[in-house]
Amino acid sequence: MASLRRLSPRPLQFAGVGGNLMKREGLVSEFPMEDIAVMGVAELLPHLVRIWVRLRQTVTAVMDFRPHVVVTVDAKGFSFRVLRSITDAYRRLGVSRPPLVHYVAPSSWAWKGGENKLKNLADTLDHLLCILPFEAALFKAHGIKATYVGHPVLEDAFTSVATGENPAHCRWWIKGSKSCSRQDFGLQSAGSTVVCVLPGSRAQEVKRMLPLFESALDLLADKVPMLTAIIPTAPSHVITDAVTEAVKSWKTPNILLPYASEKDKYSAFAASDVSLCTSGTAVLQLQMARVPTVVAYRAHPLTEWLIKSRTKLHYISLPNILLDSPVIPEALFADCTPQRLFTLLCQVLEDSEVKEQQAKAAEQVLSMLVPPQQSVLESTGSLCSVENVFDWRPSMAAASTILTLLQIDKT
């Protein structure tokens, strides 16, 4: 949204559904984004009626707003139904619909038979903004217009460096001072062990993962003296309230960072010796801070069975998927137990080679997530100036692709 404002020669007005960061850019959300933040088949069932109501509400809001372009973000189950409903609504009116763009391609490449589901996607949307380097070619091969715009996690690096400095020159490493960060949190610089705990950004993830993390830390506390957990929460009152209530009974001393900003989160990373993280985007953020990490994931038994029976992948975290190597230890499904998490945390804390491998992998993975110059030039045309390094950030590539679809030239 910020990059669209920067590139567009005309004033912009936004309407839709989003979280706190989008609200800061001027969005008045139609309803709380948490209402549709549900992942997993079994997890979805109790919320179907509410999500259906929100879907109809979203489509109605689009038709009332009459936008010049519709951009959906991730959540393909909800988003694609919205886009198809919008197409149907405009067809009934007998008028042309606006361009439909989807940001974050569906991970069809990860599932058995996933590519078979792409046959009708070209009829659902006009352009796909891909965040992984191999996706655009795959979707183009199926007749879907797509552009690789880079991974949005890299935006964190642009906001952490001095103006005009290229984060690539810093190897996409957001460096922080461990001693200063610990001092800010009232922790000892030496002798203590700090674990950054990231239980997830969805309510059902937090509810499922926090008890496992609590028990794992109890085991670790018996071995590691002066153990403290730092827990940044997602900028959501639902998540923050759930985490706040859960950690009240923890034996392990903990520091809660409610509604954590990006600055808060990276300060927590800088203070930490290791992280215990639910699989998700946070894994890449930890790589940007070079925090040794253990990834965990559990879901409803039915969802776990479906994942194991349908996936083509051997790993769940993106760095491991991209490198096709278990660089970051993962404890998944039935293997995700307090004892297993404890064992992996000890391994990462004690083995310097494991830490070094993760640091090397971080630089390799993050460099893969930068849109190549040719891709940026093709998507931006004359909208961006290659002399300005900030024009190369993923949001600029995404925003300029959208504006190009509208045939708006920067003046």
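Refer to the structure presented above.
None of the values given here were measured: they were computed from a predicted structure. (Residues numbered from 1 in each chain as written. Predicted model: local features only at pLDDT ≥ 70, side-chain atom pairs only at ≥ 80, totals over all residues. Heavy atoms only, no water.)

### Concerning the sheet that holds strand β6 (residues 227-232)
Now for step 1: In spatial order, the strands read β7-β6-β5-β8-β9-β10; together these 6 strands make up an open sheet with parallel pairing. Two strands lie at the open edges of the sheet, namely β7 (254-257) and β10 (330-332), each paired on one side alone. In this sheet, neighbouring strand axes are inclined to one another by 15° on average, regardless of whether the strands run parallel or antiparallel.
Now for step 2: Taken together, the 4 bridges between strand β8 (residues 274-278) and strand β9 (residues 293-297) define a ladder with parallel strand orientation. The partner of S275 across the bridge, within β9, is T293. (Pairing = 2+ DSSP bridges. Helix = DSSP H or I, 4+ residues; strand = E, 2+ residues; numbered from the N terminus. Axes fitted to C-alpha atoms, helices over the stretch in contact; angles between N-to-C directions.)

### Observations concerning the packing of aromatic side chains
Now for step 1: For the structure shown, the criterion picks out 4 aromatic pairs.
Now for step 2: On the numbers, 5.0 Å between centres and 90° between planes, the contact of W109 with F134 is edge-to-face. Highlighted residues: W109 in the loop between β2 (100-103) and α6 (121-124) and F134 in the loop between β3 (127-130) and α7 (135-140), separated in sequence by 25 residues.
Now for step 3: According to the relative accessible area criterion, W109 is buried, its value standing at 15%.
Now for step 4: The residue whose ring lies beneath K175 is W173, and the NZ or CZ to ring-centre distance is 4.5 Å. (Phe/Tyr/Trp six-rings, centres within 6.5 Å; stacked < 30°, edge-to-face > 60°. Buried < 20%, exposed > 50% of the residue type's maximum accessible area, 1.4 Å probe, protein only. Lys NZ or Arg CZ within 6 Å of the ring centre and 35° of its normal.)

### Focus on the sheet that holds strand β4 (residues 146-148)
Now for step 1: In spatial order, the strands read β1-β2-β3-β4; together these 4 strands make up an open sheet with parallel pairing. Edge positions in the open sheet fall to β1 (70-73) and β4, since each of these has one partner strand only. Strand-to-strand, the axes of this sheet are offset by a mean angle of 20°, without reference to chain direction.

### Side note on unusual backbone geometry
Excluding glycine, a negative phi dihedral is what most residues carry, and trans is how most peptide bonds are arranged.
Now for step 1: Non-glycine residue W172 carries a positive phi angle of around 55°.
Now for step 2: Tracing the chain through its elements places W172 in the loop between α8 (155-160) and α9 (178-184).
Now for step 3: Relative accessible area serves as the criterion here: at 6%, W172 is assigned to the buried category.
Now for step 4: Unusually for a residue other than glycine, R290 sits at a positive phi of about 60°.
Now for step 5: Mapped onto the fold, R290 is located in the loop between α13 (282-288) and β9.
Now for step 6: Looking at R290, the relative accessible area reads 15%, which means it is buried.

### Some remarks on the pairing of β2
Now for step 1: Neither face of β2 is open: one carries L100 and H102, the other V101 and Y103, and all of them are buried.
Now for step 2: Two elements, β1 and β2, share 4 bridges in a ladder whose sense is parallel. Among the inter-strand pairings, V73 is bridged to a residue of β2, identified as Y103.
Now for step 3: Between β1 and its parallel partner β2, the chain crosses via helix α5 (residues 76-93), and the hand of that crossover is right-handed.
Now for step 4: By the bridge criterion, 3 bridges tie β2 to β3 in an arrangement that is parallel. Bridge assignment links H102 to a residue of β3, and that residue is L128. (Right-handed = clockwise from strand over helix to strand, strands pointing away.)

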